[in-house]
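Here's the letter readout for the chains.
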Amino acid sequence: MGKTFFVSLITLWCAFVYAQPAITNLSLPSSVDVFSLFEMSFQLGKYDNPYDPEVIDVYAEFMAPDGKTFKVNGFYYEGYTFQQKDDYEVASASRDKGWRVRFTPNQAGKWSFSLHAIDRKGKTTLSASDNYPTTFECRSVGSAPGFIRKANTRYLKREVMQNGKSEYQAFYPIGPNVAWYEYKGSSAYPKGIYDYNHYIDKMAGSANYMRIWLTRYQYLSLYGPEFTQMNGKKPTVYFDSSLNQKDAAELDHIIAYAAEKGINVMPCLFSFGDFGNMHQSSCRWDNNPYNTVLGLKSPTMFFTDKEAKRIAKNLVRYIVARWGYATNIVCWELWNEVNNIPSDGQPEASFHANIVKWHEEMADYVRSIDPFKHLVSTSLGPFSEKDYIGGALYKNLDIVQFHNYGNIQKAKSSEQRTKQLFDKFATYHPLYPDKPIFCGEFGFGQSAPPKYQDKDPFGFDTHNCIWASLFSGTMGPGSIWLWSYLRDRDLLRIYAPVLAYSKNLPLLPDSFTPHTTVSTNKSSLVCPNGIETYYLSSADEDTLYGWCQDTAFSYQALRRLTDKSISKGHFITDAKVDTKGYVYTLDEEKKPRPCSKSNTIILPISKQDVGTQYVVRWFDGETGLEITQEKTQATVTHDRKNNQFIEIQFPSTIRDLKKRQIYNTYGDAAFIIIAEKDKTKGSNTQGIAPNKRLKVTKTSKDKSH
């Protein structure tokens, strides 16, 4: 950090003594690095509602070295300090109060700015003519992460500083939900930032993404009743002219600490639970200040009431002003499962139309105030593809986000969440051909006793779902909801192999399509040679990325080994369980053996000539690291019916058929298959020699979308 200028500005204040507002005590750095935080602090007069730009509007205008300008809103700030005591957070308000402007420069060189404050009595502008520092130097750096953008209709990209030059790289969000922190005993003892520190530390190097909520009154929430700050026997209520500055300070820490550890954040601003009748007494419409303070009789009025929209916009403005600087914000998620808000007697069609209109207006507003142009999204709970809200809601949003849950306890023994999720993800592509798609939450049945997470202590189903969904054509693999399950079972590293493998993926064009060799025959899954494969292929099939697994290691297959009782094709909770089975212990003596006598995987290839040669690179599914000694080749061939395909061989270092052994925990591997340039219709440069041809086994019909 460069030298900081501090200006008392007594003389300047005298020059503006008859104008309002008076800007004093300006402090700012003299230099910062590219893509790092430039923050200035200053004082203004006291205002009844510092969160309403109609009362006090503060902003700065920055000019880049190339002449481009950025308008950045300022925000009111109150500092807090945090200490950890007996595994919980103790927050203390500091004397640091005032105003801030946060900005992230994206170019090296000399920047200039002017600072503006407008209230009902007039306007004050501090600029270069006022004889105080209005410039700073942005230093070039070797490498630094920049902002995340849409790359195309399927994927995201990130501007990065690499070797001192700006370029774009692929960005695949890979990680779980960590929606809120927990408590030690009661809400009076929040774990706060220290709970998030734990998750972030465990995820560092294993994941690059997490989703958090700003809408839980006893957790992170800028408005509403705060149960960690009691006023007598009642919680302090923050709304409109006050915001929860303690929670804002927590969020400052969480976002900055996550960035330091390489974790990117999707903050969710509102949730249906605060606008309904959830079982938690603290988070429901009864306690929502839009009801208790503003007086809205129904949660449906939130989307149409003029005053409610004004207050909501002021809240969104504050969020964008305070945290919009952060390059590790993936997108602004306006709502969690907005379609789960009860219509409260209003016709559903008109209610959903109001929700859509609100999103259109709010998305436009966010874009008008966010100089860094973060993406905007919202999420839906279960919905039919034919529902109006599913089709209309995302027209003015950047990312389609849905959630998907399945009760694995009641699933038939042949069903797999892996296949269910892959198929569900793929069905959304024709519905939203111009939008990246993301599963912001997925999960499994939680019926008790026993709970699902107790039945899968090593996360086989989670591991498999993450790998398969990476190749479903979504912008990243599905994000699991149960973060406490990952913590309790030491599984926060479960995304690590996918993250390691993804570093080999380039910025994919949107022409890549998802496929699987797994088909459903009545109630059974059909996987040729006992190996299931999920993969993406380029438009001309010269490049394939995918993952395959011995089906003996699917979660349902492992359950059949440990749960000894199945009723009517469904697993039952009181089944006899082999507690010493592999799924519970990873005991090598209990590990399944390869489920077939062939390592051959057949992938249809119709858009390359017979004889086209490919190089196959294999990666261990447990670590994501390349198995360099397992580089192999493949050649396009055909059967007697002229069906074209390539044959690849599952790596013997993982699936040893001679010894009937599986050498990694999950019985899986990922691959990258690229055709040789001068022997294809494409333009890739990797690939060498043919693999020997084996007898063709007819594949199942692949799912192509």
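This text follows the structure it describes.
A short tour of the structure in this document, coming up. (Residues numbered from 1 in each chain as written. Predicted model: local features only at pLDDT ≥ 70, side-chain atom pairs only at ≥ 80, totals over all residues. Heavy atoms only, no water.)

Let's talk about the sheet that holds strand β21 (residues 399–406)
And step 1. Read from one edge of the open sheet, six strands run β15-β18-β19-β20-β21-β22, paired in parallel fashion. Sheet topology places β15 (209–213) and β22 (437–444) at the edges, where each strand pairs with a single neighbour. Averaged over neighbouring strand pairs, the angle between their axes works out to 25 degrees when direction is ignored.
And step 2. By the bridge criterion, five bridges tie β15 to strand β18 (residues 264–271) in an arrangement that is parallel. Bridging from a neighbouring strand, tryptophan 213 pairs with cysteine 268 of β18.
And step 3. Against the sheet, helix α6 (residues 348–369) contacts β18, β19 (331–336) and β20 (375–380), and its axis sits at roughly 155 degrees relative to β19. (Pairing = 2+ DSSP bridges. Helix = DSSP H or I, 4+ residues; strand = E, 2+ residues; numbered from the N terminus. Axes fitted to C-alpha atoms, helices over the stretch in contact; angles between N-to-C directions. Contact = heavy atoms within 4.5 Å.)

Side note on the sheet that holds strand β23 (residues 513–516)
And step 1. Within the open sheet, the six strands sit side by side as β23-β26-β27-β37-β31-β32. Their pairing is antiparallel. Either end of the sheet is taken by a strand with one partner, and the two such strands are β23 and β32 (632–635). Neighbour to neighbour, the strand axes of the sheet diverge by 25 degrees on average, direction disregarded.
And step 2. For strand β31 (residues 613–620) and strand β37 (residues 668–675), the ladder comprises seven bridges, and the chain directions are antiparallel. Considered in β37, the bridge of valine 615 is made with isoleucine 674.
And step 3. Packing against the sheet, helix α8 (residues 417–428) makes contact with β23, β26 (531–537) and β27 (543–550), and its axis sits at approximately 150 degrees to β23.

What about the environment of threonine 378?
And step 1. With respect to the element layout, threonine 378 can be found in strand β20.
And step 2. The buried category is assigned to threonine 378, whose relative accessible area is 0%.
And step 3. Separated by 20 residues in sequence, threonine 378 and aspartate 398 have C-alpha atoms that sit 9.2 Å apart.
And step 4. With sequence-adjacent residues up to four places away left out, threonine 378 is seen in contact with Glu333, Leu334, Trp335, His359, Leu393, Tyr394, Leu397, Ile399 and Gln401.
And step 5. A distance of 3.0 Å separates a polar atom in the side chain of threonine 378 from a polar atom in the side chain of histidine 359. (Buried < 20%, exposed > 50% of the residue type's maximum accessible area, 1.4 Å probe, protein only. Polar contact = N/O pair within 3.5 Å; in protein donor to acceptor, adjacent residues only side chain to side chain.)

Structural notes on helix α5 (residues 306–323)
And step 1. Here α5 is 18 residues long and its end C-alpha atoms lie 26 Å apart, about the 26 Å a rise of 1.5 Å per residue gives.
And step 2. With 14 of 18 residues buried, α5 is to be regarded as a mostly interior element.
And step 3. N-cap assignment for α5: the residue whose side-chain oxygen lies 3.1 Å from the backbone N of glutamate 307 is aspartate 305. (Expected span 1.5 Å × (residues − 1).)

With respect to the nonpolar core
And step 1. Counting 177 residues, the largest nonpolar core has Met40, Phe62, Met210, Phe270 and Tyr290 as the members making the most contacts within it.
And step 2. Of all the elements, α5 adds the most residues to this core, at ten residues.
And step 3. Apart from residues no more than four positions distant in its own chain, phenylalanine 270 is found in contact with Thr215, Tyr223, Phe275, Tyr290, Phe302, Ala312, Leu315, Leu334, Trp335, Asn336 and Trp358.
And step 4. Ile531, Ile601, Ile646 and Ala675 belong to the second largest nonpolar core, which has 21 residues in total. (Core = buried A, V, L, I, M, F, W, Y, C linked by side-chain atoms within 4.5 Å.)

Section: the packing of helix α3 (residues 245–260) against α5
And step 1. Interaxial distance between α3 and α5 falls to 11 Å at its minimum, and their mutual angle equals 40 degrees. Considered as vectors, α3 and α5 are oriented oblique to each other. As for how α3 packs across α5, the hand of that crossing is right-handed. Residues Gln245, Ala248, Ala249, Leu251, Asp252 and Ile255 of α3 pack against Tyr318, Arg322 and Trp323 of α5.
And step 2. A class-by-class count of the residues in the contact of α3 with α5 yields six nonpolar, one polar and two charged. (Parallel < 35°, antiparallel > 145°, perpendicular 65-115°, else oblique. Left-handed = near helix turned anticlockwise from the far one by under 90°. Nonpolar A, V, L, I, M, F, W, Y, C, P; charged D, E, K, R; others polar.)

Looking at the packing of aromatic side chains
And step 1. Tallied over the full model, the rule gives 69 aromatic pairs.
And step 2. Ring centres of tyrosine 51 and tyrosine 76 lie 6.2 Å apart, and the angle between their planes is 80 degrees; on these two criteria the pair is classed as edge-to-face. Linking tyrosine 51 in the loop between β4 (38–43) and β5 (56–63) with tyrosine 76 in strand β7 (residues 75–85), this pair joins segments that are 25 residues apart in sequence. The residues tyrosine 51 and tyrosine 76 share a single accessibility class, namely buried.
And step 3. Between tyrosine 501 and phenylalanine 619 the ring centres are 5.2 Å apart and the planes differ by 90 degrees, which places this aromatic pair in the edge-to-face class. Here the residue tyrosine 501 occupies a position in helix α12 (residues 496–502), and phenylalanine 619 occupies one in strand β31, the gap between them amounting to 118 residues.
And step 4. For tyrosine 501, a relative accessible area of 0% corresponds to the buried category.
And step 5. For phenylalanine 619, a relative accessible area of 1% gives the class buried.
And step 6. Members of the aromatic cluster, each reached through a chain of ring pairs, are Tyr217, Tyr223, Phe239, Phe270, Phe275, Trp285, Tyr290, Phe302, Phe303, Trp335, Phe351 and Trp358. (Phe/Tyr/Trp six-rings, centres within 6.5 Å; stacked < 30°, edge-to-face > 60°.)

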